[in-house]
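Structural overview
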Amino acid sequence: MDILQNMKVSPGAVLSLIITAVVLFLLPILWVVVWKRHCKETVSLAPLFFGAAGFLVFSRVLEQGLHMICIVGDNPVSRFINSSTAAYVIYGSLMAGIFEECGRYIVIRFIMKKNKTRENMVMYGIGHGGIEVWAVVLLSVLNLLIIALMIQNQGMERVLQSLGISGDVPDLFSAPMLSNVMSLIASAAGYNAMTGLLCVLERIVCMFIHVSLTVLVAYGINKNEKKYLPLAILAHAIVDTMPALSQRMSGSIGILITELWICICAAGLTIWAGRLYKQWTEQAPCSTS
């Protein structure tokens, strides 16, 4: 408790959080504007919303529901996964790939009835990655900003009370609650320009990954080649291997190593998807399926 009460939030941390939040909000919009201007009338906004909906349903609802059973819950499966680093990394990486890539496949193949051109598949990927920026990363940054402003305006004692921690914390709740609170407050207090820059750069790179994976899945649908869905799942799992390992072994793997891994994977996927995009012929487009 003394460590928490002695933490301070500098004006620089608040400013960095505000700038990061603004940039994250504008990032998906900028992608849409740039791609729309590039393609003009050949691209529709409808795939953007299909991509966003696909991510929310398959990743934030279905996948998170499974995590509640296999990670958060107390059962033989969760105990096995949480007790093994290898099982945790394999599970986390594979589930992200399976849910998101199968989600892309289902939405593009069965739900979208038209607008299945290569230009619109890029727009679908922008919607998928863009809503992740807003619904996951931006919300996390806004949460830290609210905590930082509360500490500045109300003081640490009031913030701890509002978070449900004041006085003598019951032993039953002290460890998990204090761990979560300390992590949030430390993140808010330690936020700086470099943290914000890394956050934004990671989201830009991840947008390339989401667009590339969408092109991969859609190309397989267009060509009626079933191998591209499992390849996309495998590629997604490989991308998520290092972040999952970093999350599991907190402090053992530096953030720069994780970001470098993501950048290398993004470069490889972008080159691969770019070649498929160029090979995507306009005869018998998948919009007719």
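All of these numbers come straight from a predicted model, not from anything done at the bench. (Residues numbered from 1 in each chain as written. Predicted model: local features only at pLDDT ≥ 70, side-chain atom pairs only at ≥ 80, totals over all residues. Heavy atoms only, no water.)

1. Points about the packing of aromatic side chains
Which entries qualify depends on this criterion: Aromatic rings from Phe, Tyr and Trp, taking only the six-membered ring of Trp, are treated as a pair when their centres fall within 6.5 Å; an angle between ring planes under 30 degrees marks them as stacked, one over 60 as edge-to-face, and anything in between as tilted. Three labels apply to residues, based on accessible area from a 1.4 Å probe with only protein chains included: buried if under 20% of the type maximum, exposed if over 50%, partly exposed otherwise in between.
Tallied over the full model, the rule gives six aromatic pairs. An angle of 70° between the planes, with centres 6.2 Å apart, marks the rings of Tyr105 and Phe110 as edge-to-face. Taking the relative accessible area as the measure of exposure, Tyr105 reaches 27% and is therefore partly exposed. Ring geometry for Tyr219 versus Trp280: centroids 6.2 Å apart, planes at 70°, classification edge-to-face.

2. Brief notes about helix α9 (residues 193-223)
An α-helical turn contains 3.6 residues, so a residue and the one three or four places further along point in the same direction. We count it as follows: Working definition: helices are DSSP H or I runs of at least four residues, strands are E runs of at least two. Numbering for both runs from the N terminus. A helix is expected to span 1.5 Å multiplied by its residue count minus one. Polar contact is defined as a pair of N or O atoms within 3.5 Å, subject to the rule that within protein one atom must be able to donate a hydrogen and the other to accept it, and that residues adjacent in sequence are counted only when both atoms are side-chain atoms.
Under the 1.5 Å per step criterion, the end-to-end length of α9 is 45 Å for 31 residues, consistent within 8% with the ideal 45 Å. The buried fraction of α9 amounts to 22 of the 31 residues, a majority that puts the element mostly inside the structure. Backbone nitrogen of Met194 and a side-chain oxygen of the N-cap are separated by 3.1 Å at the start of α9; the cap is Asn192. Count one or two residues on from α9 and you reach Asn224, which has phi positive near 55°.

3. Overview of the pattern of salt bridges
Definition in use: We count a salt bridge whenever a side-chain nitrogen from Lys or Arg sits within 4 Å of a carboxyl oxygen from Asp or Glu.
Summed over all chains, the structure comprises five salt bridges. Between Glu132 and Arg203 there is a salt bridge whose closest N-O contact spans 3.1 Å. Of this pair, Glu132 sits in helix α6 (residues 118-154) while Arg203 is found in helix α9, placing the two residues 71 residues apart along the sequence. By relative accessible area, which is 15% here, Glu132 ends up buried. Each of the salt bridges in this network shares a partner with another, and the network as a whole consists of Glu132, Glu202 and Arg203.

4. Points about the confidence of the model for the chain
As a reminder, the rule being used: By definition, pLDDT measures how confident the predictor is in each residue, and it falls between 0 and 100. Note on contacts: a residue pair qualifies if any of its non-hydrogen atoms lie within 4.5 Å across the two residues.
Mean pLDDT for the chain: 90, with 89% of residues reaching 70 or above. Under a pLDDT of 50 for its full length, residues 283-289 has, in the predicted model, twelve contacts with residues more than four places off or in other chains.

5. Digging into the nonpolar core
Spelled out, the test is: For our purposes a nonpolar core is just a set of buried Ala, Val, Leu, Ile, Met, Phe, Trp, Tyr and Cys residues, chained together by side-chain atoms within 4.5 Å.
In terms of nonpolar packing, the biggest core is built from 65 residues, with Leu24, Trp35, Ile126, Ile185 and Ile209 touching the most fellow members. Apart from residues no more than four positions distant in its own chain, Ile126 is found in contact with Pro28, Trp31, Val32, Trp35, Leu48, Met207 and Val211. Within the second largest apolar cluster, six residues are counted, among which are Cys70, Tyr88, Tyr91 and Phe99.

6. Some points on the packing of α6 against α9
To be explicit about the condition: Axes here mean lines fitted to C-alpha atoms, for a helix over just the part in contact, with angles spanning 0 to 180 degrees between N-to-C directions. Left-handed describes a crossing in which the near helix is turned anticlockwise from the far one by less than a right angle; the clockwise case is right-handed. For this classification, Asp, Glu, Lys and Arg are treated as charged, while Ala, Val, Leu, Ile, Met, Phe, Trp, Tyr, Cys and Pro are nonpolar and the rest, including Gly, are polar.
Running from amino to carboxyl end, α6 crosses α9 at an angle of 145°, the nearest separation of the two axes being 8 Å. Crossing angle aside, the handedness with which α6 passes α9 is right-handed. Contact with α6, carried on its side by Met121, Val122, Tyr124, Gly125, Ile126, His128, Gly129, Gly130, Glu132, Val133, Val137 and Val141, involves Cys199, Arg203, Met207, His210, Val211, Thr214, Val215 and Ala218 of α9 and no other residues of that element. The residue makeup of the contact of α6 with α9, split by class, is twelve nonpolar, six polar and two charged.

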